Amino acid sequence: MCNTTTNTGMPQDATSGVDGEISGDNEVVTDDSSTKKAEDETRNSSSPEDHDKVVVEVEPDTGPRTHSKTHSSKKRESCLSRTSRWVTETLEDFFENHGIRVASHPSLTAALCMLVSTLCALGTLSFTTELRPYHLWIPQDSEFIKVLNWQSENFPSSYRRHMAVLETDNVLTARSVQEMWRLHTKVKQLSVGTSHATWDALCARVPSLPMDEEPQTDDADFEYGVLEFRRRRDLFQTQTEDLSLKLPRDQYCDSVFSLPKICLETSLLEVWGLDENIIMNLTDEQVVLDVNSARLSEVFGYKVNFTKYLGSVVYDETGRMVGAKAAMHMWVSQVNQSALDLGNSVVDQGTGELVDKAGFDWEKAWVDTILNDISRPRDIKVYAHAASSFGTVSDENIWGDVKLLVIGFVIMNIFVNITLGRRNLVQQRPVLAFLGLMSVGQAVAVSYGLCSLVGIPYCPVNSILPILLVGLGVDDMFVIMAAWEAAGCHKDVSGNYIKRAGLTMRHAGVAITVTSLTDVTAFAVGASTDLPALRSFCLYAAVGIFAVYLLQATFFLAWLVRDESRLENNKNGLLWCITHKNWKPWGCSERDLLSDAFQYGFCRFIMYTPVRVFILVGSGFLLAFSVWATMNLHQEFNPMWFIPQSSYLYEAFEVSSKHFPEAGERGYIYFSNITLPDDLPELNNLISALMESQVVSSVNAWFTTLDEYMSFMPNLGNMTLTYSLLLDALSIFLQSSTGASYRNDFSLDGVLDCKHPAPPITSFRIEIIHHPTNSRAEQTVALKTVKNLLEQMPVGGYRAAWAQVYSIWETNEIIGYELWRNIILAGIVVSIVTLLLLASFSASMLVLGCVVATVIGVSGTMWLWGLTVDTVSCIAIVLAIGLSVDYAAHVAHAFLTTRGIADKKKRVQKALASVGPAVLLGGLSTLLSFVLLAGSSSHVFATFFKVFVTASILGLYYGLVLLPVILSLIGPAAYAECEAASDPPDIHVTSSMEDSSQHPQDYTNSAYSTDCDSNSKQISIAS
């Protein structure tokens, strides 16, 4: 509300600031006693709200007077003070001119903004998404990625694995096994698409090796189960049962060539040879007996440990399996290379691999078939995980929470409409609120378009960006509206929208520049990270925030001018075509309840000495607790967290982790250009060193098994092993039941032929199993131990270790560094930007202190929420820095621009009463924009909700409660008050708005004034 005071002896066309400060061509100087007397008279005659002003009424001076101390006082002005004056004047002049230009051509400005936004949005034609975990959360120059790229080139795989997990109280029952058979039958009958793709057409095929069925002398080595053929009780005792060692080579190879190739499908059904008649007539006792005795796949002829297909196995006192909670069923398909060559392919977003379209569609249908439980017993649950599931689920998750954005937009529109206008038909501003949020939508389009245009991929974490920009955009809207309302208190600008827009932007422009540029620079610094997902988000966010800043200062301001014109003509706030004649607002709708609450309640309350003491002590305890909680926060990263918890894939991972816990993490050691067999001793020494290191539990090396295999080859005798002899033995070894499992461990320069020596070996690998690790320190030791042992090997060629879990281990190694790096760099940038824009070292340090306290509080609360330090929380903490800067910087800037009041407590009250409501509404809008994420199943959205709620609450507390208390005690002087400290006061008089524009600082205080005087010509001590 605007209060007007008329003072005698003064022209009515004068304009004053909040302090009553005016300046012009006529200069009047008063001594201290006359000034004091005039101040007392003014205070006695003015309202209580005006007691903060230092006001002097004088008659026009009859002649110029000068000061002898002016020159010397300016010499004593510090460099920072001069910088303060220059920065403030430059920015305010720029934004005033900008506001005048926008208000002079509002329709053209709005149209140009729409045109530019549309042109920028065209960049989305190049829009790409990146969902591959290895290309999101791992530095692309890391050792893991380098080895992964080498692996993809030297050990390419066209196989795609699809796993189903059956869970019930006990899967070792006839009923459960028969349900597995029904799943097998359904998948086999599945036909997809116009090409009628089936499992038989898409499956990876492997030969069914011959089995020794001849009767043996020792019947004790055999037993009869429910099957009609004899099963060997133990085929692991020696390689002599391998037919490749029994038959002549040519005969064995001929039999291998003639073997039928069958689809690769592994499950407990192999125990019964996929024989439907046997399976459908099983009893529970027969199932337990056969599974315990089976050692050979009756389908493929390979040795199989069927225990690995079972989860949560139960044993009796003799060590015999009597039950299990889960069973694994695997289908392996193969990519159709011919379809890829014809261009009939799609990209699997989870792996980045090209997949033939028919196979990709079949995988989706396979998931639907496995999850279809219409005819399934209720106590049996089946979970699915196809090769394409990760990419499909992640892609759906990006757009799955769009409904949250739509609902959030509606809620924010209602909130902004309620808080932006008044509660009556004319002064409500629903259209303006919608257009303000529309500018945020334009900013999102600009961000997506420009980033896509330069090739920056869109990552899943970027889904949070629209919600973030809505919160920041609404914050800018409130600041601009607060300055607009304050500028309207001046009768000289009332009705003159051009001058009013200039005066509005003179103050609001600087305020939103301080907050927006700190956010932009903080994210720009974050974009230098090595984590691709964090880099993508920071770039999208930096562009988006800058676009919001520009559009709020242009598009929103242009529509604000148009909306004010509508209001002056008494047109309906929602339907501008309706005019309310003889309309008068009802009294209650004119009151700004929030401003009244700040001015007459909150601002005075927190300045009471006992309250200030309580706030300082309580803040100290809060900070101490936050530090303690932060010290308990631990670092952990798991890419599986990024799968929505409501998805079928997340359930599949949960069940797999529950029933199939790994004894250790599986990995490989790759070798290339190794001299064989000369380097075999060093390879054996490596195996010994790995086993002695206590970080590896087992090593499965082909050359160890080959050595045992060759010991049963009589034709070798005591011959010295040469490279040619090695290749000859390796050829049949890889075709035998003993060595067939090692076939994928080689990359050969040619096609393997059983009758001839193997082609030259270009590269090979050995399998290792790590001991389970329980901490990040153990993971680091395990990773470094393996790498150090490889580096110490006295062999040439390429050698490297790789495991899927290394992606997590390596990320955990750098994520802490990345977090500290981003926090420190963002802190430095925030300090520099706030120092340049606030032009006050002490104020900048206080703002930085609020930021540090907020970040520590957020980190401590993360521990309370059960969160860890990962890539998402790193992004969220960087965002928390930007949010906390917004709250504290607005208050500090308002305090610096509140001049002419010596009492710091009264300066704080005035500054807080002016900017506090806008800051609070901005914080509430941020909370409101994120509150819908509370129910999200996405790890990204859930983390952002928890971090942002904490950051908003703590940021508002430190900015609106603690910072004002500190400023009331040790706050810096207002802008340009250094001259007044030692010199007689200069008192200026202006006679018009145009003259006052020569003194840019005169408008500063009135920007946030709630009690401006526009009818009087008041003179205040010039700052």
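Analysis parameters
- Residues numbered from 1 in each chain as written.
- Predicted model: local features only at pLDDT ≥ 70, side-chain atom pairs only at ≥ 80, totals over all residues.
- Heavy atoms only, no water.
- Helix = DSSP H or I, 4+ residues; strand = E, 2+ residues; numbered from the N terminus.
- Buried < 20%, exposed > 50% of the residue type's maximum accessible area, 1.4 Å probe, protein only.
- Contact = heavy atoms within 4.5 Å.
- Phe/Tyr/Trp six-rings, centres within 6.5 Å; stacked < 30°, edge-to-face > 60°.
- Lys NZ or Arg CZ within 6 Å of the ring centre and 35° of its normal.
- Expected span 1.5 Å × (residues − 1).
- Arc of directions from axis to C-beta.
- Disulfide = S-S within 2.5 Å.
- Pairing = 2+ DSSP bridges.
- Core = buried A, V, L, I, M, F, W, Y, C linked by side-chain atoms within 4.5 Å.
- Patch = residues over 30% accessible without salt bridge, like charges linked within 9 Å, V, L, I, M, F, W, Y side chains within 5 Å.
- Areas by Shrake-Rupley, 256 points an atom, 1.4 Å probe, with all protein chains shown as cover.
- Salt bridge = Lys/Arg side-chain N within 4 Å of Asp/Glu carboxyl O.
- pLDDT = per-residue confidence, 0-100.
- Polar contact = N/O pair within 3.5 Å; in protein donor to acceptor, adjacent residues only side chain to side chain.
- Axes fitted to C-alpha atoms, helices over the stretch in contact; angles between N-to-C directions.
- Parallel < 35°, antiparallel > 145°, perpendicular 65-115°, else oblique.
- Nonpolar A, V, L, I, M, F, W, Y, C, P; charged D, E, K, R; others polar.

Chemist: Lay out the overall build of the chain in plain terms, naming residues and giving numbers.
Modeler: The number of helices and strands found in the chain is 33 helices and 20 strands. The 1023 residues of the chain split such that 56% are buried. A separation of at least 24 residues holds for 80% of the contacts in the chain among residues at least 6 apart in sequence.

Chemist: Can you explain the packing of aromatic side chains? Please cite residues and give values.
Modeler: Per the counting criterion, the structure on display carries 35 aromatic pairs. Summarising the aromatic geometry, the rings of F127 and Y448 are spaced 6.5 Å apart at their centres and angled 25° between planes, so their arrangement reads as stacked. Of this pair, F127 sits in the loop between α4 (106–121) and α5 (143–154) while Y448 sits in helix α16 (residues 430–453), and the two are 321 residues apart along the sequence. By the ring-pair criterion, three or more aromatic residues cluster together here, those being W150, F155, Y668, Y670 and Y798. Across the ring face of Y668, the terminal group of R765 is positioned such that the distance to the ring centre comes to 4.1 Å. The lysine or arginine in question, R907, covers the ring of F895, its NZ or CZ lying 3.8 Å from the ring centre.

Chemist: Would you mind going over helix α22 (residues 609–632) in detail, with residue names and values included?
Modeler: Counting along an α-helix, one turn takes 3.6 residues, and residues three or four places apart therefore face a common direction. Across its 24 residues, α22 extends 35 Å between first and last C-alpha, which sits within 8% of the 34 Å expected from 1.5 Å per residue. Within α22, burial applies to V611, R612, I615, S619, S626 and A629. Turning to α22, the residues buried within the fold contact α21 (593–605), α29 (841–865), α31 (904–931) and α32 (939–970).

Chemist: Summarise helix α24 (residues 680–692); cite the residues concerned and give the values.
Modeler: Given a rise of 1.5 Å per residue, 13 residues ought to cover 18 Å, and the 18 Å separating the end C-alpha atoms of α24 matches this to within 8%. For α24, the full list of buried residues reads L680, L683, L686, I687 and L690. One side of α24 holds all its buried residues, which, seen down the axis, span an arc of 110°. Turning to α24, the residues buried within the fold contact β15 (666–672), β16 (696–700), α25 (702–710), β18 (761–770) and α27 (776–791). One or two positions beyond α24, positive phi appears at Q694, with a value near 70°.

Chemist: Describe the state of the cysteines, naming the residues involved and giving the relevant values.
Modeler: A covalent bond bridging the sulfur atoms of two cysteines is what the word disulfide describes. By the definition in use, this model includes two disulfides. One disulfide bridge connects C203 with C263, the sulfur atoms lying 2.0 Å from each other. Classification of the bridge connecting C203 and C263 rests on its S-S torsion, roughly -55°, and on that basis the disulfide is left-handed. A residue pair is termed long-range when its members are at least 10 positions apart, and C203 in the loop between α7 (199–202) and β5 (205–207) and C263 in strand β8 (residues 261–263) qualify at 60 residues. Given the relative accessible area of 6%, C203 is considered buried. Since its relative accessible area comes to 13%, C263 is described here as buried.

Chemist: Any details on the pairing of strand β10 (residues 310–315)? Residues and values, ideally.
Modeler: With five bridges joining them, β10 and strand β11 (residues 321–334) adopt antiparallel strand pairing. When the sheet's bridge partners are listed, Y315 is paired in β11 with M321. Adjacent in sequence and paired antiparallel, β10 and β11 are bridged by five residues, among which G319 carries a positive phi angle near 85°.

Chemist: Help me get a handle on the nonpolar core, residues and values and all.
Modeler: If you look at the biggest cluster of nonpolar residues, it comprises 217 residues, and the most contacted ones within it are F523, F537, F671, W702, Y806 and F944. Setting aside residues up to four positions removed in sequence, F671 forms contacts with W150, L683, L686, S763, F764, I766, L790, M793, Y798 and R799.

Chemist: Give a detailed account of unusual backbone geometry, specifying residues and quantitative values.
Modeler: Most of the time, phi is negative for any residue but glycine, and the peptide bond is trans. For the peptide bond that leads from L676 to P677, omega is 0°, which places it in the cis range. Topologically, P677 is positioned in the loop between β15 and α24. Positive phi, normally seen in glycine, also occurs at N570, with a value near 60°. Here the phi dihedral of Q694 falls at roughly 70°; this positive angle occurs in a residue that is not glycine. As for its placement among the helices and strands, Q694 is situated in the loop between α24 and β16.

Chemist: Account for a nonpolar patch on the surface, with residues named and values stated.
Modeler: Taken together, the side chains of L108, L112, L115, L119, L122 and L125 define a hydrophobic patch exposed on the protein surface, amounting to about 640 Å² of accessible area. Structurally, the position occupied by L125 is in the loop between α4 and α5.

Chemist: Explain the confidence of the model for the chain to me, and be specific about the residues and the numbers.
Modeler: Looking at the chain as a whole, the pLDDT averages 79, with 82% of positions reaching at least 70. Between residues 213–239, whose pLDDT stays under 50, and residues either more than four places distant or in other chains, the model counts 55 contacts. This model gives residues 977–1023 a pLDDT under 50, and the stretch forms 187 contacts once residues within four places in sequence are excluded.

Chemist: Quick one: what's the story with the side chain of R506, residue by residue and with numbers?
Modeler: Checked against the element boundaries, R506 lands in helix α18 (residues 497–526). Residue classification places R506 among the buried positions, given a relative accessible area of 1%. Side-chain polar atoms of R506 contact the backbone oxygen of E92, separated by 3.3 Å. Polar side-chain contacts of R506 include one of 2.5 Å to the side chain of E96.

Chemist: Would you mind going over the packing of helix α17 (residues 465–487) against helix α30 (residues 871–897) in detail, with residue names and values included?
Modeler: Here α17 crosses α30 at 10°, and the two axes come no closer than 12 Å. The angle between the axes of α17 and α30 places the two elements in the roughly parallel class. Within the contact between the two elements, α17 uses L468, L472, D475 and V479 and α30 uses L879, L883, D886 and H890. Considering only residue class, the contact of α17 with α30 consists of five nonpolar, one polar and two charged.

Chemist: For the packing of α18 against helix α19 (residues 532–568), give the residues involved together with the corresponding values.
Modeler: One way to put it is that α18 packs onto α19 with a least axis distance of 9 Å and a crossing angle of 170°. Judged on the interaxial angle alone, α19 and α18 are roughly antiparallel. Of the residues in the contact of α18 with α19, the class split is 19 nonpolar, four polar and four charged.

Chemist: How would you summarise the pattern of salt bridges if you had to cite specific residues and measurements?
Modeler: Once the charged atoms of two side chains with opposite charge are near each other, the side chains can pair. Inspection of the entire model under this criterion finds 21 salt bridges. When the shortest N-O distance is used, the salt bridge between R506 and E92 registers 3.7 Å. With R506 in helix α18 and E92 in helix α3 (residues 79–104), the pair connects residues that are 414 residues apart, well separated along the chain. Classification of E92 by relative accessible area gives buried; the value is 2%.

Chemist: Tell me about the environment of V878, residues and numbers included.
Modeler: For V878, the position within the fold is in helix α30. Of the residues examined, V878 reaches a relative accessible area of 3% and is grouped as buried. Along the sequence, V878 and I823 sit 55 residues apart, while their C-alpha atoms lie 6.7 Å from each other. Dropping the residues within four chain positions of it, V878 is found in contact with A522, F523 and N822.

Chemist: Could you give an account of the environment of A689, with specific residues and numbers?
Modeler: Turning to its location among the elements, A689 is positioned in helix α24. Note on A689: relative accessible area 24%, which makes it partly exposed. C-alpha separation for the pair A689 and L789, spaced 100 residues apart in sequence, amounts to 7.5 Å.

Chemist: Could you give an account of the environment of G816, with specific residues and numbers?
Modeler: Mapped onto the elements, G816 comes out in helix α28 (residues 804–838). Accessibility expressed as a relative area gives 16% for G816, which makes it buried. Residues G816 and E636 lie 180 residues apart in sequence; the distance between their C-alpha atoms is 9.7 Å.

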